[in-house]
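One-letter residues, chain by chain:
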Amino acid sequence: MNLHNRRQFLRLLGASSLGALVHGCGGGGDSGTGDSADTGDSGSGGGTTPVTPPVVNVSGHVVVVGGGMGGATVAKFLRLWGGQNLRVTLIERNPSYTSNILSNLVLNGQRTLSSLAYDYARLRDNYGVNVIQGEVMGIDPVARKVSLGDGSTQTYDRLVLAPGLEFDLMPGLTDYQTIPHAWQAGPQTALLAQQLAAMPAGGTFVMTIPAAPFRCPPGPYERACVVADYLKRNKPGAKVIVLDANPGIAAERASFETAFNTLHAGVIEYHAAATIDSIDPVTRLVQTNLGSIAASVLNPIPPQRAPRLVQDAGLVNVNGRWAGVDVLSYESTAHPGVHVIGDASATTQPKAGHIANAEAKVCADAIVRMLAGQAPDPAPVTNSACYSPITATTASWLTAIYHYDPASRTMKPYVTGEAASITSGNYEDMFPWFNNLMADSFG
Amino acid sequence: MKPRHFTYVLALLGACVLFPVQAVRAESGRLLASNCFQCHGTEGRSQGGIDRLAGMGANKLIGEMKEMRAKTPGNDMMKVHARAYTDAQLNDIAAYFANVR
Ligand SMILES: Cc1cc2nc3c(=O)[nH]c(=O)nc-3n(C[C@H](O)[C@H](O)[C@H](O)COP(=O)(O)OP(=O)(O)OC[C@H]3O[C@@H](n4cnc5c(N)ncnc54)[C@H](O)[C@@H]3O)c2cc1C
């Protein structure tokens, strides 16, 4: 081991501590003979007393598609828990990831998009993930192979898909180039922020919310609040019209009702059970069941589904939109050997980044056990947490912890909680939560 | 990585021998404890702003969790998480963090 490698290894030890140490003790060499489950003679490597049960020392190649909240986390924890012989390749189309979480604060100028960017250097350097920038074009679940845009392929022992979502085109629109949904943080978020800044005083911001399930249940209501707060201060007389396809506010109802009816009363006009017949991208007229509504700035949040890649691989088997999975391992119910985590999968858990991170850990742990010929943990727990800014200085929150329910074979809420009130303390707590969550996901 | 390198590094850190009997429980607590990493940092090594759990004594962690459970649900997100694990799960989680150095 040269000095550089040794330093790197020590850094890995520092970063991963006992997890890797246990595996180091148990694993020993790099025989490369494809040895699978260690039988517990764990003293061989370090020459010390056996200290750990035979959980790992697996070998194989796991390919992860998508380096967002779910994909980055699963790659990291596969390396952390899988030991040195588990190769992990992460394929992501972009050189860095822009967090959706906190991206509503780009709309009121409190955050920049670049402050929400996370690259893959730490996954590569500290965790030994093989990171490939590229677009996955196709999956062959029988040959266990994915093909990339540059014509190359990667074969896998197990595949994890974490590609997020695809957005339906709303009636009347051919793209979201001028009428942004901004529900995937990036250029559309910047465009929407510019449009809001350029909006005349007394103008109207119209947003639409699709029927559940959609990414981040409190997110649209949070956006309505953040925009209302911004308009009050910067565009006197402006209004926010919320056209919600759902029968009522779909998350944190108490907090958002308070926000809509008191804090932002007179600014936010909320309509439940709204239907959108068409949107004219030039005149910005929206035809609805409530009649024709004129917008100065228009923000349609479209219905969502698992991306085409997942559909084309034959993995979409829930409501024609989502990939069904076994929540003990997130293995697809359509194809063995393929796991789907995050927004693209159908579970009883919300489509959110914090829960995608938790799903990724259950999936990583299960894959390590499955590669060792064991069964996944029979009683996994996951948790979801979300802070929702309501103004530029206050927030509410929502959290839930899910335990596996063997009878229904689903993750069932075990305890849930919501902020009792909208406070500046919550707003301040949001940032350490965000920073720790992103560091836990991206290294 | 060759075995002798592990020997080297482990000898350097004197690490393997530190391993207590609780390793089995700590191992089973790993996946449960990973539910704390999002807020308290990977393996409990917080990035700041929220308490570090890595290396916290098991009795201290269990004591604090039970204290937070007992308080009426208020404004604090952590109180919800304190009520989200059975006593057996909590023991495994505590064993895990106690073993992280
Ligand atoms: C405004 C807003 C606020 C939010 N706030 C919160 C919050 O407070 N808390 C919370 O928990 N969640 C929040 N969310 C939700 C959260 O961002 C998503 O649920 C989460 O990002 C889903 O993770 P994922 O891994 O499934 O997908 P993503 O994070 O979207 O990652 C998917 C990745 O896959 C890549 N990819 C896709 N297809 C391919 C391909 N074919 N080849 C290569 N790469 C590919 C994409 O480039 C992307 O990087 C919010 C969302 C929004 C829009």
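Every value quoted in this text rests on a predicted model; they were computed, and no experiment measured them.

A. Examining the overall build of chain B more closely. When you go through chain B residue by residue, the secondary structure sums to five helices and zero strands. Of the regular secondary structure in chain B, the N- to C-terminal order runs α-α-α-α-α. A total of 101 residues make up chain B; the buried ones form 51% of that total. Contacts in chain B between residues at least 24 apart in sequence constitute 60% of all its contacts with a sequence separation of at least 6. Of the roughly 4,600 Å² of accessible surface on chain B, a fraction of 58% belongs to carbon and sulfur atoms.

B. Spatial organisation of the sheet that holds strand E7 (residues 145-148) of chain A. Residue and element names in this part refer to chain A. The three strands are arranged E6-E7-E8 in an open sheet whose pairing can be described as antiparallel. The sheet is open, and its two borders are formed by strand E6 (136-140) and strand E8 (153-155), each paired with just one other strand. Put simply, the sheet's adjacent strands are angled 20° from each other on average, direction ignored. Inspection of the sheet shows E6 paired to E7 by four bridges, in the antiparallel sense. The residue of E7 that forms the bridge with Gly138 is Ser147.

C. Region of the structure containing the pairing of strand E15 (residues 285-288) of chain A. All names here are of chain A. The alternating pattern of E15 places Val286 and Thr288 on a buried face and Leu285 and Gln287 on a face that is not buried. Both strand E14 (residues 276-279) and E15 contribute to a ladder of three bridges, which runs antiparallel. Looking at E15, one finds that Ser278 is bridged to Gln287. The antiparallel hairpin formed by E14 and E15 contains five residues in its connecting segment, where Arg284 sits at a positive phi of about 55°. Two elements, E15 and strand E16 (residues 291-294), share four bridges in a ladder whose sense is antiparallel. Following the sheet pairing, Gln287 is matched in E16 by Ser292. Taking the residues that link successive antiparallel strands as the turn, the E15-E16 hairpin has two residues.

D. Expanded view of the domain arrangement of chain A. Residue and element names in this part refer to chain A. Domain boundaries in chain A define domain 1 (3-165 + 306-442) and domain 2 (169-300). Contact with domain 1, which involves 29 residues of that partner, is made by 34 residues of domain 2. Buried surface at the junction of domain 1 and domain 2, both sides included, amounts to about 2,500 Å², of which 61% is carbon and sulfur. The largest contributions to the domain 1 side of the interface with domain 2 come from Asn104, Leu107 and Ile390, which together make up 26% of the buried area. One salt bridge connects Arg215 with Asp343, and the closest N-O pair in it is separated by 2.6 Å. Connecting domain 1 to domain 2 are nine residue pairs in polar contact (both at pLDDT 80 or more). Broken down by secondary-structure element, the contributors of at least two residues to the side of domain 1 that touches domain 2 are helix H3 (104-107), strand E24 (381-389) and strand E25 (395-405). Considered class by class, the residues forming the side of domain 1 that touches domain 2 number 16 nonpolar, 10 polar and three charged.

E. Representation of the packing of helix H5 (residues 187-197) of chain A against helix H6 (residues 219-234) of chain A in the model. Residue and element names in this part refer to chain A. Running from amino to carboxyl end, H5 crosses H6 at an angle of 35°, the nearest separation of the two axes being 11 Å. When you trace H5 past H6, the crossing you get is right-handed. Contact with H5, carried on its side by Leu192, Leu196 and Ala197, involves Arg223, Val227, Tyr230 and Leu231 of H6 and no other residues of that element. Looking at the contact of H5 with H6, its residues break down into six nonpolar, no polar and one charged.

F. Seen up close, the site of the ligand. Residue and element names in this part refer to chain A. Around the ligand, the surrounding shell holds 36 residues, and the nearest of these are Gly70, Glu92, Tyr97, Gly353 and His354. Contact distances for the ligand include 2.6 Å between an oxygen atom and a side-chain N or O atom of Tyr97. Take Asn100: an N or O atom from its side chain is 2.9 Å from an oxygen atom of the ligand. Against a free-state accessible area of 1,000 Å², the protein chains account for coverage of 97% of the ligand. Among the secondary structure elements, those contributing two or more residues to the shell around the ligand are helix H2 (69-82), strand E2 (86-92), helix H9 (353-371) and E24. Its residues placed into classes, the shell around the ligand shows 16 nonpolar, 14 polar and six charged. Counting contributing residues, the shell around the ligand receives three or more from each of domain 1 (3-165 + 306-442) and domain 2 (169-300).

G. Examining the confidence of the model for chain A more closely. The pLDDT averaged across chain A works out to 89; a share of 87% of its residues lies at or above 70. Here residues 1-54 of chain A is modelled with pLDDT under 50, and outside its nearest four sequence neighbours on either side it reaches 104 contacts, counting other chains as well.

H. Region of interest: the sheet that holds strand E17 (residues 297-300) of chain A. All names here are of chain A. Spatially, E13-E12-E11-E17 is the arrangement adopted by the four strands of the open sheet, whose pairing is parallel. Edge positions in the sheet fall to strand E13 (268-271) and E17, since each of these pairs with one other strand and no more. Direction aside, neighbouring strands of the sheet carry axes that sit 15° apart on average. Here four bridges tie strand E12 (residues 239-244) to E13, and the two strands are oriented parallel to one another. Counterpart to Val240 in the pairing with E13 is Ile268.

What counts and how
Residues numbered from 1 in each chain as written. Chains lettered and ligands numbered in written order. Predicted model: local features only at pLDDT ≥ 70, side-chain atom pairs only at ≥ 80, totals over all residues. Heavy atoms only, no water. Helix = DSSP H or I, 4+ residues; strand = E, 2+ residues; numbered from the N terminus. Buried < 20%, exposed > 50% of the residue type's maximum accessible area, 1.4 Å probe, protein only. Contact = heavy atoms within 4.5 Å. Areas by Shrake-Rupley, 256 points an atom, 1.4 Å probe, with all protein chains shown as cover. Pairing = 2+ DSSP bridges. Axes fitted to C-alpha atoms, helices over the stretch in contact; angles between N-to-C directions. Domains from an automatic or database assignment. Buried area = accessible area lost by both parts, 1.4 Å probe. Salt bridge = Lys/Arg side-chain N within 4 Å of Asp/Glu carboxyl O. Polar contact = N/O pair within 3.5 Å; in protein donor to acceptor, adjacent residues only side chain to side chain. Nonpolar A, V, L, I, M, F, W, Y, C, P; charged D, E, K, R; others polar. Left-handed = near helix turned anticlockwise from the far one by under 90°. Near = heavy atom within 4 Å. pLDDT = per-residue confidence, 0-100.

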